[in-house]
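If you want the building blocks of each chain, they are given just below.
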Amino acid sequence: MKRKKTKGQYRTRTHLIHGNFESKKWDYNHHVNPPMSASAMYRLNSTQRGAQGFVDFASEAIDESTHAPIYIYDRLEEPSRGMLEENLAYAEGGEMCLTFATGMAAISAIAGLLCGQGDEIIAHQVTYGCTYSLFSSRMPRFGINTHWIDLNDEAALKAAITPQTRMLYFETPINPTLTLIDIAAMRRLVDDANQNRPEEQHIKIVVDNTFATPYCQRPIELGADFSVMSLTKGISGFGADMGGAVVGPRAYYNRLLLYRKDFGGVLNPRSAWNFLVYGLPSLATRFANQIKTAHHVAKFLREHPKVDRVVYPGFEDHPQHDVARKQMTNYDGNFAPGNMIYFTLKDAEMDGKQHPKVERLIDYLADSAYCITLAVSLGYMKTLVENAYSMTHAALPEDEKRKMGMEPGGIRLSIGLEDWHDISEDLRDALEQV
Ligand SMILES: *Cc1c(COP(=O)(O)O)cnc(C)c1O
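Going along each chain's sequence as written, the residues are numbered from 1 onward. With the structure being a predicted model, the display of local features is reserved for residues of pLDDT at least 70 and the display and counting of side-chain atom pairs for 80 or more, all residues being used for whole-chain, interface and lining totals. Note: side-chain values were computed over all heavy atoms of the structure, leaving out hydrogens and water.

1. Some thoughts on the nonpolar core
A general feature of soluble globular proteins is that nonpolar side chains tend to end up buried together.
Reasoning step 1: Counting 60 residues, the largest nonpolar core has Leu301, Ile341, Phe343, Leu345, Leu413 and Leu427 as its most contacted members.
Reasoning step 2: Of all the elements, helix α11 (residues 269–303) adds the most residues to this core, at 13 residues.
Reasoning step 3: Domain start and stop points were drawn from an automatic or database domain assignment. Of the domains in this structure, domain 1 (9–278) and domain 2 (284–431) are the two that each give at least three residues to this core.
Reasoning step 4: In what follows, a contact means two residues having at least one pair of non-hydrogen atoms within 4.5 Å. The contacts of leucine 427, once residues within four sequence positions are left out, are Val297, Phe300, Leu301, Phe343, Leu365, Ile372 and Leu413. We define the nonpolar core as a collection of buried residues of types Ala, Val, Leu, Ile, Met, Phe, Trp, Tyr and Cys that are connected through side-chain atoms lying within 4.5 Å of one another. Residue burial is assigned from relative accessible area. The probe radius is 1.4 Å, only protein chains are included, and a residue is buried under 20% of its type maximum, exposed over 50%, and partly exposed in between. A run of DSSP states H or I qualifies as a helix once it reaches four residues; a run of E qualifies as a strand once it reaches two. Both are numbered from the N-terminal end.

Here you go:
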């Protein structure tokens, strides 16, 4: 088949649907959908081919973009996953991608790859709950310690950098408060710190891009070294699979491949196929719609007399709206502030550890709303609500959460694909109960 144009002549949104038609991992001439592979081991028709497979695996001599791999065993390399990785790298604007069983497997892999005994991580003080417990409870057992600071405090960041620092880690927008971190500003600070260090001691910037998805933000283009994400969320969109990915420079591909082989957290090929066939191709369409809906719902909430504060990066009054405009853009360069909303209620005082008004609101939604579901996760085509303080961020210490600006009464909404009137009306009915 002779194509008249190269893939580079097509736009990203089209590419997410049609994939990498120059891939050596799939016969693009005869399939419309890529085949779903389900084979733990692969037939090797000679010992010579078997031996060659092991020589080629994670070899610097192989250019995997032009070389048809010799598959051996699912945990090493596998075609459905390989095709997904090519497309995810493209979507994120990175050179390479490796996928993992979950978002946490991807985050622990990049931390384990960049840091060894005696090294240090600097992380923003609010992260996803399991990232917090990974860095604060597990990593210290391997001699890797984390400084938790407010990355929007430049002096604090400069003071936290030591000769042992190897990784600067953060999410933006931050879960759940939707505070932003200026990726380009972090790049400038890290470049300064790296100036007098040998390459192997450079601090690497790792951004968790789960909240925004590559449709709304591409951290590597903005200055990050690596982008990590949970595929379970916005990339999946259909809430049926778990997965994670690391995207970054080509030079790290083989090291990360070997790390993944030994730690073993590979993505199931059937989940990879779902992300490849359903998730990525529908990403742009889903998010373009979810952003519009989020705007309407955020406006509805802001105008409601019982609502105190609505945080949405798309609002002009978001305290970091300028940062949002600069770094949250879609593939056409248009502002893409995401589908997440955070809000608090007026006069929602604490009663001991309870927050009666917020609990009433969420319980009413859980019990009576048709189109808003009480559940963790996000980026799903169905609208989800949760109380981050007591649920996804339960792992963070109580007093720390307060210091970090997380309110016990904060409500997180992940806007789905429903009609925005219906979402607003379910919220209106619930607000009448408090
Ligand atoms: C869900 C999530 C993760 C972890 O992903 P899993 O696929 O659940 O392991 C990491 N970071 C953020 C911001 C998340 O929302």
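Still to come is the rest of the account.
2. Some details on the packing of aromatic side chains
Reasoning step 1: In this analysis, rings of Phe, Tyr and Trp, with Trp reduced to its six-membered ring, are considered paired at centre separations within 6.5 Å, and the interplanar angle assigns stacked below 30 degrees, edge-to-face beyond 60, and tilted for intermediate values. All chains considered together, the criterion is met by ten aromatic pairs.
Reasoning step 2: Between tryptophan 273 and tyrosine 278, the aromatic rings sit 5.8 Å apart at their centres with planes inclined by 85°, giving edge-to-face as the arrangement.
Reasoning step 3: Overall, the relative accessible area of 43% leaves tyrosine 278 in the partly exposed class.
Reasoning step 4: Consider the rings of tyrosine 312 and phenylalanine 315, whose centres lie 5.7 Å apart with planes at 80°: the pair is edge-to-face.
Reasoning step 5: Using a relative accessible area of 0% as the deciding quantity, one classes tyrosine 312 as buried.
Reasoning step 6: For phenylalanine 315, a relative accessible area of 3% translates into the label buried.
Reasoning step 7: Arginine 255 extends its terminal NZ or CZ atom over the ring of tyrosine 252, reaching a point 4.5 Å from the ring centre. Charges are assigned to positions over rings by a cutoff of 6 Å between ring centre and Lys NZ or Arg CZ, combined with an angular limit of 35 degrees from the ring normal.

3. Some words on the sheet that holds strand β12 (residues 411–414)
Reasoning step 1: Strands are treated as partners if at least two bridges between them are detected by DSSP. As summarised here, the arrangement of the five strands in space is β8-β9-β12-β11-β10, forming an open sheet in which the pairing is mixed. Both outer strands of the open sheet, β8 (307–311) and β10 (372–374), are each paired with one neighbouring strand and no more. Going across the sheet, the axis of each strand differs from the next one's by a mean of 25°, ignoring polarity.
Reasoning step 2: Sheet topology places β8 next to strand β9 (residues 340–345); four bridges connect them, and they run antiparallel. Bridge pairing links valine 310 to phenylalanine 343 in β9.
Reasoning step 3: To obtain each axis, a line is fitted to C-alpha atoms, and for helices this fit is confined to the stretch in contact; angles are then taken between N-to-C directions over 0 to 180 degrees. The sheet contacts of helix α13 (residues 356–368) involve β9, β10, β11 (383–386) and β12, and relative to β9 the element is tilted by about 130°.
Reasoning step 4: Running over the sheet, helix α15 (residues 420–431) touches β8, β9, β10, β11 and β12 and is turned about 60° from β10.

4. A few points about the site of the ligand
Reasoning step 1: For this description, a residue counts as near a given molecule or strand if any of its non-hydrogen atoms is within 4 Å of it. Not every one of the 14 residues close to the ligand is listed here, only the nearest: Met104, Asp208, Ser230, Thr232 and Lys233.
Reasoning step 2: Polar contact is defined as a pair of N or O atoms within 3.5 Å, subject to the rule that within protein one atom must be able to donate a hydrogen and the other to accept it, and that residues adjacent in sequence are counted only when both atoms are side-chain atoms. One of the side-chain nitrogen or oxygen atoms of aspartate 208 is found 2.7 Å away from a nitrogen atom of the ligand.
Reasoning step 3: Residue threonine 232 places a side-chain N or O atom 2.7 Å away from an oxygen atom belonging to the ligand.
Reasoning step 4: With three residues, helix α4 (residues 103–114) is the largest single contributor of residues to the shell around the ligand.

5. Description of the sheet that holds strand β6 (residues 226–230)
Reasoning step 1: Ordered in space as β1-β7-β6-β5-β4-β2-β3, the seven strands form an open sheet in which the pairing is mixed. With one partner strand each, in any of the chains shown, β1 (96–100) and β3 (145–149) form the two edges of the open sheet. Averaged over all neighbouring strand pairs, the angle between strand axes comes to 20°, with direction disregarded.
Reasoning step 2: Alignment of strand β4 (residues 165–171) against strand β5 (residues 204–208), held across five bridges, turns out to be parallel. Of the residues in β5, the one forming a bridge with leucine 168 is isoleucine 205.
Reasoning step 3: The strands touched by α4 are β1, β4, β5, β6 and β7 (244–248); relative to β6, the strand with the most contacts, the crossing angle is about 155°.
Reasoning step 4: Contacts between helix α10 (residues 253–263) and the sheet are confined to β1 and β7, with β1 contributing the most and set at about 10° to the helix.

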